[in-house]
Amino acid sequence: MRLRELLDIDELGLRPLVGADTGDGMLDRAISAVPTIDRADPGRFLTGGELVLTGLAWWHEDGDAEAFVRVLVLAGVTALAAGEVEHGLVPDDLVRACRRHGLPLLAVRPETSFSAITEHVLRRLHGLHRQNGVGSLAAVVERHRMLLADRSSADLVLDLLRENLGVDVRVLSATGRQISGAQPPLRARTAAALAARYLAARRAREAAPHVVRIGDRPYSLAPVSDVRAVHDLHDVRDAIGPGPHAEELGDWLVVIEADTSHWPAPDAELLDRLVELVTDARSAHEQSKAALRDLAGRALELLHSTVPAEEIPVRLRSTAQSIVSGQLTWPREQFVIASGEWHEGRPVPAAALRVLLEEALLQPDGPVRVSPQDIAATVDGEQAVLLVLVPEPTPGLPDPSLDCAALQRRLSAALARWLGPTDRVCVGISVPVDEPGNARRALEEARNALRIARAGTERVTVRGPDDLTTHILSLLPLIPADTRRAFADRLLGPLRDHDRRHRTDLLTTLRTFLDCDASWTACAARLHLHTNSLRHRVTRIEQLTGRDLSRLETRLDFLAALRSG
């Protein structure tokens, strides 16, 4: 295709800035490919004959254009088309550099998308290729498959595909997080909307690829399934019979910024090969989770066993600590438990929820950063159970822990079109566990938070320990004042008497211990005590009251008594 032919397409509205008035045939140069490039040094992606599209994200001030244009000319590029969105116009610096080096320069108006230019050129090139007997573009992907087999990065492979095909290719998770592909990433709302529409199409068992539109832009979505999760769900299918089994919650999706439904058969093969390529990367990703999932299963089995409480620290350290944290101390973590109902009251398979939560809990930035290596996940009957490492607290700053509200927003956005009117997904989260001896308590806390979540009415509900406390305390005003005072006197009386006779401060110790969510480390620091001294005080509180403070019910009773007395 000649550059002049592209300028003749009125709907694109391309405007020549350099080349139209030189009279030396610049506009008769041939176009062989249409890459989109926004790197300051694009040389490694160019082979010659390209119409390079750029949004000018690399340009910041006068002088930046010289090196960029020089690289394009040395590579034999046909022309450069610059978008006007980033800076409102094409910088004079770039116009001058293109004139100096004899490189045709086109201005792309804000209302013309790069994908529209790409599609016009590709349709023309595909027709010429078939006329001239050129082989299928699927051969390009085969070459990139070899690159991947040679341990090249998946991002590099998708970048090379983008340069050859002229369309943006990305890989997203089922929650809309970009895993690899074209940069910059899609806007968060666009990515979440694509993921939500994908899950809805998969639940409806529509044929892939799924073509959707966000605004006026088409996207083609192809599934990359988690083979291991599908295998687990086959076991579920054997147990509960035929029907939908939610394996799509663990999918990745290949997102191509074009409508592939009109691609001819040889080019459609390209998409199939691309999905195969990403599936290879997905398999490697899932294999990396195997040890963590095995760890979570063994830890949960230990917590359900009759092993004495004093042995739990040693046994857990021999599994969770060494594998997950790589440290010689117990890692600070929170328990997350999820369950769901859908499709006429049937449970959402725990294996599907496990994969969904592994993804939804990832938080690459913010006050609590969570990476894939920080999550160990397993299933327990119809529930997904996850152990998530969280940072140690910093004096003077809020205690870092998982954000229930943020997790609910992410899950709600992802499942907005997947859940039906009566379907539900509920999640319970514990307080952070500083020591392995408190793991059983935290696990029970997460289960209680899950019960509170189930009592809600929203389709996606996430609840934590604060919600549980609020729920219990909200019932206090319904109890007569005399009854509340009598309950408080009966439970706290022995501590008040002991403090008065022996000039101790057990009541303050109890109040602080509960305020610190039964964290030995945090409570000892607040009271300026050694942890062993705190343990001695708590043991004395348990002896005087006959209550076990490791139990959630006991702590809630004491909290209610303190609020009532």
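Small disclaimer: the values here were computed from a predicted structure and weren't measured.

Conventions and cut-offs
Residues numbered from 1 in each chain as written. Predicted model: local features only at pLDDT ≥ 70, side-chain atom pairs only at ≥ 80, totals over all residues. Heavy atoms only, no water. Buried < 20%, exposed > 50% of the residue type's maximum accessible area, 1.4 Å probe, protein only. Helix = DSSP H or I, 4+ residues; strand = E, 2+ residues; numbered from the N terminus. Pairing = 2+ DSSP bridges. Axes fitted to C-alpha atoms, helices over the stretch in contact; angles between N-to-C directions. Contact = heavy atoms within 4.5 Å.

Colleague: Provide a residue-level description of the pairing of strand 14 (residues 424-429), including the pertinent values.
Modeller: Judged by how many residues are buried, strand 14 sits mostly within the fold: 6 of 6 residues are covered. The two faces of strand 14 match: Arg424, Cys426 and Gly428 on one face and Val425, Val427 and Ile429 on the other face are all buried. When strand 10 (residues 333-342) meets strand 14, the two strands line up antiparallel, connected through 6 bridges. The residue bridging Val336 from the neighbouring strand is Ile429, located in strand 14. In terms of strand pairing, strand 14 meets strand 15 (residues 460-463) through 4 bridges, oriented parallel. Bridge pairing links Val425 to Val460 in strand 15.

Colleague: Lay out the sheet that holds strand 4 (residues 105-108) in plain terms, naming residues and giving numbers.
Modeller: Taken in spatial order, the 4 strands line up as 1-4-3-2 in an open sheet, and their pairing is mixed. Each of the sheet's edge strands pairs with one partner strand only, and the pair in question is strand 1 (15-18) and strand 2 (51-54). Across the sheet, the axes of successive neighbouring strands diverge by a mean angle of 30°, strand direction being ignored. Summarising the sheet, strand 2 and strand 3 (residues 79-83) pair through 4 bridges and their orientation is parallel. Bridge pairing links Leu53 to Ala81 in strand 3. Of the strands in this sheet, strand 1, strand 3 and strand 4 are in contact with helix 3 (residues 92-101), which crosses strand 1 at around 65°.

Colleague: Could you give an account of the sheet that holds strand 6 (residues 178-181), naming the residues involved and the relevant values?
Modeller: In space, the 5 strands of this open sheet follow the order 6-5-9-8-7, with antiparallel pairing throughout. Each edge of the open sheet is held by one strand with a lone partner, namely strand 6 and strand 7 (210-214). Across this sheet, the average inter-strand angle for adjacent strands is 30°, counted without regard to direction. Here strand 8 (residues 217-224) runs beside strand 9 (residues 252-256); their pairing, made up of 5 bridges, is antiparallel.

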